Amino acid sequence: MSLENTKKAVKNVEYGLEKIFEGAQDFLPLLGTDYVEFYVGNAKQAAHFYKTAFGFQSYAYAGLETGMKDRVSYVLKQDKIRLVLTTALRSDSPIGEHVKKHGDGVKVIALWVDDATSAWEETTKRGAVSFMEPTLEKDEHGEVVRSGIYTYGETVHVFVERKNYNGIFLPGFETWESDYNPEPVGLKFIDHMVGNVGWGEMNTWVKWYEDVMGFVNFLSFDDNQIHTEYSALMSKVMSNGNGRIKFPINEPAVGKKRSQIEEYIDFYEGPGAQHIAVATDDIINAVTQLRARGVEFLSAPPQSYYDEIPARLGVHMEMMKEDIKVLQSLSIMIDADEEGYLLQIFTKPVEDRPTLFFEIIQRMGARGFGAGNFKALFESIEREQAKRGTL
Ligand code: FE2
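Residues numbered from 1 in each chain as written. Predicted model: local features only at pLDDT ≥ 70, side-chain atom pairs only at ≥ 80, totals over all residues. Heavy atoms only, no water.

Undergrad: Talk me through the sheet that holds strand β11 (residues 216-221); I want residue IDs and the actual numbers.
TA: Strand order in this open sheet of eight strands is β11-β12-β13-β10-β14-β17-β16-β15, and the pairing throughout is mixed. Edge positions in the open sheet fall to β11 and β15 (333-337), since each of these has one partner strand only. Sheet twist, expressed as the average angle between the axes of neighbouring strands with direction ignored, equals 25°. Across five bridges, the pairing between strand β14 (residues 272-280) and strand β17 (residues 357-364) is parallel. Among the inter-strand pairings, valine 278 is bridged to a residue of β17, identified as isoleucine 360. (Pairing = 2+ DSSP bridges. Helix = DSSP H or I, 4+ residues; strand = E, 2+ residues; numbered from the N terminus. Axes fitted to C-alpha atoms, helices over the stretch in contact; angles between N-to-C directions.)

Undergrad: Explain the layout of surface pockets residue by residue, including any values.
TA: Of the pockets and cavities examined, the largest pocket occupies roughly 450 Å³. Taken together, the elements giving at least two residues each to the lining of the largest pocket come down to β1 (32-39), β3 (71-78), α3 (94-102), β5 (105-113), β6 (130-139) and β7 (142-150). Here the residues of the lining of the largest pocket sort into 15 nonpolar, three polar and nine charged. By volume, the second largest pocket is sized at about 350 Å³. Counting only elements with at least two residues in the lining of the second largest pocket, the list comes to β1, β4 (81-88) and β10 (187-196). Sort the elements by how many residues they give to the lining of the second largest pocket and β1 lands first, with five residues. Its residues assigned to classes, the lining of the second largest pocket comprises eight nonpolar, two polar and six charged. When we break the lining of the second largest pocket down by domain, the ones giving at least three residues each are domain 1 (3-25 + 186-388) and domain 2 (32-175). (1 Å grid on protein atoms, 1.4 Å probe; cavity = no way out; pocket = protein on both sides within 12 Å on 5 of 7 lines; lining within 4 Å. Points joined across faces, edges and corners; volume = space filled by probe spheres on them. Nonpolar A, V, L, I, M, F, W, Y, C, P; charged D, E, K, R; others polar. Domains from an automatic or database assignment.)

Undergrad: Tell me about the sheet that holds β5, and name the residues and values.
TA: The nine strands are arranged β6-β7-β8-β5-β1-β4-β3-β2-β9 in an open sheet whose pairing can be described as mixed. Edge strands, defined here as strands with exactly one partner in the open sheet, are β6 and β9 (174-175). Where β6 and β7 come together, seven bridges link them in antiparallel fashion. Considered in β7, the bridge of methionine 132 is made with glycine 148.

Undergrad: Quick rundown of the coordination of the iron ion? Include the residues and the values.
TA: Ideal values differ by geometry: the angle at a metal is 109.5 degrees with four tetrahedral donors, but 90 or 180 degrees with six octahedral donors. Of the protein atoms, only His192 (NE2), His275 (NE2) and Glu359 (OE) coordinate the iron ion, at distances of 2.0 to 2.2 Å. In terms of primary sequence, the donors binding the iron ion are separated according to H-x82-H-x83-E. Here histidine 275, found in strand β14, pairs with glutamate 359, found in strand β17; they are 84 residues apart in sequence, far enough to count as distant. In this pair, the class of histidine 275 matches that of glutamate 359, namely buried. (Donors = N, O, S within 2.8 Å, 3.2 Å for Na, K, Ca; no water. Buried < 20%, exposed > 50% of the residue type's maximum accessible area, 1.4 Å probe, protein only.)

Undergrad: Explain the nonpolar core to me, using residue names and the numbers behind them.
TA: Ranked by size, the top nonpolar core spans 97 residues in total, and within it Phe38, Phe159, Met213, Ile276 and Ile334 carry the most contacts. Here this core takes seven residues from helix α5 (residues 202-213), the largest share from any one element. Here this core spans two domains, since at least three of its residues come from each of domain 1 (3-25 + 186-388) and domain 2 (32-175). Once residues within four sequence positions are removed from consideration, methionine 213 is found in contact with Phe27, Leu28, Leu111, Thr123, Ile149, His157, Phe159 and Trp208. Membership of the second largest hydrophobic core comes to 16 residues, among which are Ala60, Ala62, Val84 and Val158. (Core = buried A, V, L, I, M, F, W, Y, C linked by side-chain atoms within 4.5 Å. Contact = heavy atoms within 4.5 Å.)

Below, the structure written as structure tokens:
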């Protein structure tokens, strides 16, 4: 990322914080990401994959055995990250319809709040379409209030108020005890989650996050910055006031060949979550383990990319602890901004449709998103698109 962009980004965040702390009260205080729920074709097998390949731990379960009649959900946990994998038990289910249309994908990006009723009232008042009215759920461990609104496509934000609950996950869920418990790989929390929207829709959703959720535009990249010889996209990063929640929004841009965002929209059959970036504090160890467990990553940038690292990192080269040769052997990419550097790598899509993938990121001071890596990354994605005949 250029120095100018970084300065702009820092200013934007400061402006956002000022607006919230000095101006009107933050009408949607968010404490963090609560969970991410996938609608999938076979939750039992998906849960096995995320345990075996990504090191998630068995955490909670709801299904026929716990009194759930229409669905099964497995909750997996790794440090602060909670994934919920849900499958319909019958054909006449909106969950099944979602999977039929989109394939396996993210349905719910749940946000942890103090007051789910107020979150729903404030956002629907500002134009959000309701997904779920504030609903009280209780069991012997207390009560939870959840509410929800639609964001891009069929994706939703569910607000979770759990201050009066001390059960394992949500009412209706039981602890999931398993005899099969592969070790975690050191994934800590969700750093950001990216949404792909259609042609010309990015600014509509940027405005939606500003107006409906009180977010600020933290960083912007246009197609002059994000392009290769063949394809292009545009991206704006939205952040809530305390910076805990970051949602970049991408739209396709015109290039000589098909944008990766367009490929996503074609196969997901609409807008949706493109990638989940998970933070680690030891990316070398995490990626070494993930590779050994069968996670597939995008191919390495060329030698010239790694040769240019010392020049690109400049002053941050001195504080860099990792050996570039080791990073290169794992195909990990490196970028820097004014405040530090970051290490990142992207998996191939984790479903048969070329849709959702994961990013593993280790921040060493940098607050950006690896803009300096975009070209190398997109060239790698294009090599995969070419194999699929979708470039
Ligand atoms: Fe990312």
